[in-house]
Each structure stands twice: as structure tokens, then as C-alpha cells.
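Each chain, written out:
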Amino acid sequence: MLQVHALLRSLKRMCNLYNITTSQDAIREWTRALRDVMGNLEPSLDAYPNTPAPVVRNAPDGQRELARLLWGMPTPAERVKGKADYGTTNIRNPQYAHWQHYVGVEKRCVVPVTSFAEPSPTPGDKDAETGIQRTAWPASPTQATTPANFLNPPQTFQSLPTATRRV
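Residues numbered from 1 in each chain as written. Predicted model: local features only at pLDDT ≥ 70, side-chain atom pairs only at ≥ 80, totals over all residues. Heavy atoms only, no water.

**Student:** How do you make sense of the pairing of strand β5 (residues 64-71) when you look at a structure like this?
**Tutor:** Moving residue by residue along a regular strand, the side chains alternate between the two faces of the sheet. In terms of burial, β5 is a largely internal element, 7 of the 8 residues being buried. Two elements, strand β2 (residues 35-36) and β5, share 2 bridges in a ladder whose sense is parallel. What sits directly across from Arg 35, in β5, is Glu 65. As judged from the 7 bridges shared by strand β4 (residues 52-58) and β5, these two strands associate in the antiparallel manner. Counterpart to Val 56 in the pairing with β5 is Leu 66. (Buried < 20%, exposed > 50% of the residue type's maximum accessible area, 1.4 Å probe, protein only. Helix = DSSP H or I, 4+ residues; strand = E, 2+ residues; numbered from the N terminus. Pairing = 2+ DSSP bridges.)

**Student:** Looking at this structure, I do not really get the layout of surface pockets. What am I missing?
**Tutor:** Vacant regions in the atomic arrangement are exposed by a probe of water-molecule size rolled over the atoms. Put simply, the second largest pocket is a space of about 270 Å³. Forming the boundary of the second largest pocket are Thr 75, Pro 76, Arg 79, Thr 88, Thr 89, Asn 90, Ile 91, Arg 92, Asn 93, Tyr 96 and Trp 99. Each residue belonging to the lining of the second largest pocket can be placed in one class, and the counts come to 4 nonpolar, 5 polar and 2 charged. (1 Å grid on protein atoms, 1.4 Å probe; cavity = no way out; pocket = protein on both sides within 12 Å on 5 of 7 lines; lining within 4 Å. Points joined across faces, edges and corners; volume = space filled by probe spheres on them. Nonpolar A, V, L, I, M, F, W, Y, C, P; charged D, E, K, R; others polar.)

**Student:** I keep staring at the packing of aromatic side chains and nothing clicks. Help me out?
**Tutor:** One pass over the full model with this rule turns up 2 aromatic pairs. Pairing Tyr 18 with Trp 71 gives two aromatic rings, centres 5.1 Å apart and planes at 80 degrees, and the pair type is edge-to-face. One end of the pair, Tyr 18, is in strand β1 (residues 18-20); the other, Trp 71, is in strand β5, and 53 residues separate them in sequence. Pair check on accessibility: Tyr 18 and Trp 71 agree, each one buried. (Phe/Tyr/Trp six-rings, centres within 6.5 Å; stacked < 30°, edge-to-face > 60°.)

Below, the structure written as C-alpha cells:
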């Protein structure tokens, strides 16, 4: 249980960009996924909100499968206000009624992550052309070549809610 709480605390600090630099074979082996419906995985994939990325889930027929899903959850209707829903990636209050539909076992998955990005911690570290704060990678995506940074071990992966949407 302490492992889960530490994981949830670290996810609260995670920004909206992550990278994966491992193979489909490694993901399938590590998660014991029996089916792969994802297509080809790029050698290095930057995953942004509302973009397709690899996920291991329990499919409707009960098989554990590797699939490509959109990263994010459906935004609460009162926040969309008639605009396009680009999804939500930071769920600060999982007790909120909107999220209760998504906490069941059938909605849970494993998201393979090699590294994640955060805004640069250096004040004023901005791109000269765009004026946007630069991105910092606590672990460089080129240094990590194994799925060592999966969000949780395979024997407990069914205990965490998903942060993806079906494509």
C-alpha cells in the first residue's frame, strides 16, 4: 500500500509529456500481455495529451492486450462548456463524481513510461524563439532503454486507475 501512495504522489508532479524507448516485445513480456493490437511502436515515442500511446489493458473479452490508446480522460462536461474535449491528464480529486465511472477494475491499465518531462526548474530558462519555458527530462529518454520505469509492478497493475481513453 505504501508503494501505491508513493506512486500517486509522484504522478501528481508528473507533467504532460512522457517518452517511451522500449520494444513491444519487452512490454508484452514484462506485463504478460497475450495479445498485441497496437501496430508498430516507434523506437522513441514522445506522448503528449490526447495522442495515441501504448497501454496494456484487460480487453472486454478478459485477455490482457497491448493497445494504442489516447492519453487522457474525458473532461467533465461543465469544464468543456460546448468546446472540443481534448481530455484531462491531471485528476486532482479522484473522489469527484465524474471520475467514479472510471475507477472499476475493467477501466485499469499499465502505461509503460521510460522518462517524463517537467518544465525546466531554472527561472527564465526560455526558448529564445518562442519564449516558452524549456523542457527538462529528469531521466534522459536516450539513457533509458528498458521498461524499468513502468508505473507499477505486474502483480499489482490492476490496482490503479487508468489515465487513458479508448481510441
